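# Structural overview
Each chain, letter by letter, is given below.
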Amino acid sequence: MRCASLALALLFAGCGRDAERAALAREALPQEVLVGALRASPLPPPPADPTNAYAEDPRAAALGRSLFYDARFSSNGEISCASCHDPDLDWGDGAVTATGIASFGVHTPSLWNVAYNRWFFWDGRADTLWAQAVQPWEHPDEMGGDRVSFVRLLLDDSELSARYEELFGALPDVSGWPSSARPVDEGSSDPMHSAWLGMSAQSKVEATRVIVNLAKSVAAFQRQMVTSETAFDRYIRGLRHGAAEDLAAFGEEELKGMELFFGDARCHLCHHGPLFTDLEFHDVRLPYGVNESGEEVREMGRWDGIGAVLEDPLNSDGDFSDAPALLSGEAPSVSGSARGHLEFLLRSPHTKGEFKTPGLRNAARTAPFTHRGVYANLEEVVRHYSELADAPAKRHADAEEILVPVHLDDGEVSALVAFLEALSSPRPGEELRAPGAR
Ligand code: HEC
Ligand code: HEC
């Protein structure tokens, strides 16, 4: 219950007690912790995506749901998006690093709350949710598919092509097209490359338009992967309105963890707001990986990501984006990804080795952790931040200033873990699982 005013509150003994209880609970918290915690709940709906005209279209989302679980969009017919982003594993795969057609040395991130992101992939090399999807479909190590065989696949499946054409209009005429082709890096020996170069400019655009439309549908589906209420949200509602059962959502351990998170442990400096991330990139000084010859691998992270997103013909400034071009005179959007923000990307030296700050809602269920899956559980993550004992000895010149050892004792480590566990909400419901599957 909300108390309109103190006088009114006094008329309702219950409300008065609630207001008093809330005030007492708030007063018990340091100001910095209270502000950080109140800012982190509740979770608002995802921001609009002006680059995707189908983002809110339920038919596109339904098509996207089918595509997400469809293994025919891989070169061996065995891998779908859900092979690595499994609803039973909170949209992850539980593995240290991912394996598709081949293995690659990156950990699969969960897709919970992915629609709130400004940048996609650990290095942010895509700036829209739809442009992201094109990459796993066509990456030779991931699903190994290609935009030309996708058009052929649609044409051969009358049910799927009817759903596609209802939304996006007629599929292109593929007579004279190669059986498969996709753009590949300049000078590559991949046979897909020469097949792609042999296509006319118009057919290249037509094939790209189809994979982009499919990707916009998958993005519309992924916008529904939003976490629901957690113990933390109930506790924060308690802090606002004072209902005893809401305040009871947190015990002493979670409360202590919350105070550390938004206070002395400094986690909120990067993990803040309702998603528990600043949506930006940092270097948390993970131990370096080693290659087959035993040499240390210095990853470039965000540095490479910035280069790639600026060059990507599918970025939000490109011809396949639905956001109005700056020259059109239409008002640019203020929220989310919109044309124009790429101009402000600065490839400064400190972006070397930086990776995207993951959101922490439901993180407790998505072990192992970090972009290389180096920590097996939350306790290991927290112990890393505590002493930075496993961090590479030399910091590069532009190293992260925010990151310092925070020296936590064992009790504080387990309190932080208890707090992170209190950010969990139920697993994906039926409406997000494979259509027709039980
Ligand atoms: C072989 C396993 C695999 C498959 C198949 C796969 N993914 Fe991923 N996904 C990953 C990995 C690994 C990353 C992180 C890669 C990176 O950042 O370099 C990722 C990243 C993502 C991201 C970015 C998340 C973020 O927070 O930035 C999204 C969204 C995503 N995948 C959606 C999809 C969709 C949609 C499909 C199907 C079209 C798909 N994935 C297929 C493993 C996979
Ligand atoms: C300097 C910014 C920064 C600070 C401070 C920080 N984090 Fe992180 N956190 C990150 C980034 C960036 C990553 C991803 C690192 C990577 O994969 O290379 C991350 C990863 C994580 C992960 C793994 C999530 C996943 O899905 O893999 C957890 C859990 C986490 N942090 C919790 C915390 C806690 C708890 C604290 C406070 C003790 C904290 N972080 C402090 C930026 C930060």
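Reference entry: report on the structure contained in this document. Bear in mind that the values here come from a model prediction, so they are computed numbers and not experimental data.

## Looking at the site of ligand 1
Taken together, the neighbourhood of ligand 1 is formed by 29 residues, with Cys81, Cys84, His85, Phe121 and Lys356 sitting nearest. Gln132 is positioned with one of its side-chain polar atoms (N or O) 3.2 Å from a nitrogen atom of ligand 1. Among the secondary structure elements, those contributing two or more residues to the shell around ligand 1 are helix H5 (81-84), helix H6 (129-138) and helix H10 (201-222). Residue contributions to the shell around ligand 1 peak at five residues, all from H6. Grouping the amino acids of the shell around ligand 1 by side-chain chemistry returns 18 nonpolar, eight polar and three charged.

## Points about the coordination of the iron atom of ligand 1
In this structure, the iron atom of ligand 1 receives exactly one donor atom from the protein: His85 (NE2), at 2.1 Å. With respect to the element layout, His85 can be found in the loop between H5 and H6.

## Examining the site of ligand 2
Neighbouring ligand 2 are 21 residues; Cys267, Cys270, His271, His371 and Tyr385 lie closest to it. Residue Thr370 places a main-chain N or O atom 2.7 Å away from an oxygen atom belonging to ligand 2. At a separation of 2.6 Å, a nitrogen atom of ligand 2 approaches a polar side-chain atom of Tyr385. No other element matches the three residues that helix H15 (residues 378-387) contributes to the shell around ligand 2. Here the residues of the shell around ligand 2 sort into 13 nonpolar, five polar and three charged.

## Observations concerning the packing of aromatic side chains
This model, assessed by the stated rule, comprises 21 aromatic pairs. Geometrically, the ring pair formed by Phe68 and Tyr69 is edge-to-face, given 5.3 Å between the ring centres and 70 degrees between the ring planes. A single burial state applies to Phe68 and to Tyr69, both of which are buried. Their ring planes at 85 degrees and their centres at 5.8 Å tell us that Phe68 and Trp91 sit as a pair that is edge-to-face. Here Phe68, found in helix H4 (residues 58-68), pairs with Trp91, found in the loop between H5 and H6; they are 23 residues apart in sequence, far enough to count as distant. Comparing Phe68 with Trp91, the two get one shared label, buried. Ring pairing ties together the aromatic residues Phe232, Tyr235, Phe250, Phe261, Phe262, Phe276 and Phe419, which thus form one cluster.

Conventions adopted
- Residues numbered from 1 in each chain as written.
- Chains lettered and ligands numbered in written order.
- Predicted model: local features only at pLDDT ≥ 70, side-chain atom pairs only at ≥ 80, totals over all residues.
- Heavy atoms only, no water.
- Near = heavy atom within 4 Å.
- Polar contact = N/O pair within 3.5 Å; in protein donor to acceptor, adjacent residues only side chain to side chain.
- Helix = DSSP H or I, 4+ residues; strand = E, 2+ residues; numbered from the N terminus.
- Nonpolar A, V, L, I, M, F, W, Y, C, P; charged D, E, K, R; others polar.
- Donors = N, O, S within 2.8 Å, 3.2 Å for Na, K, Ca; no water.
- Phe/Tyr/Trp six-rings, centres within 6.5 Å; stacked < 30°, edge-to-face > 60°.
- Buried < 20%, exposed > 50% of the residue type's maximum accessible area, 1.4 Å probe, protein only.

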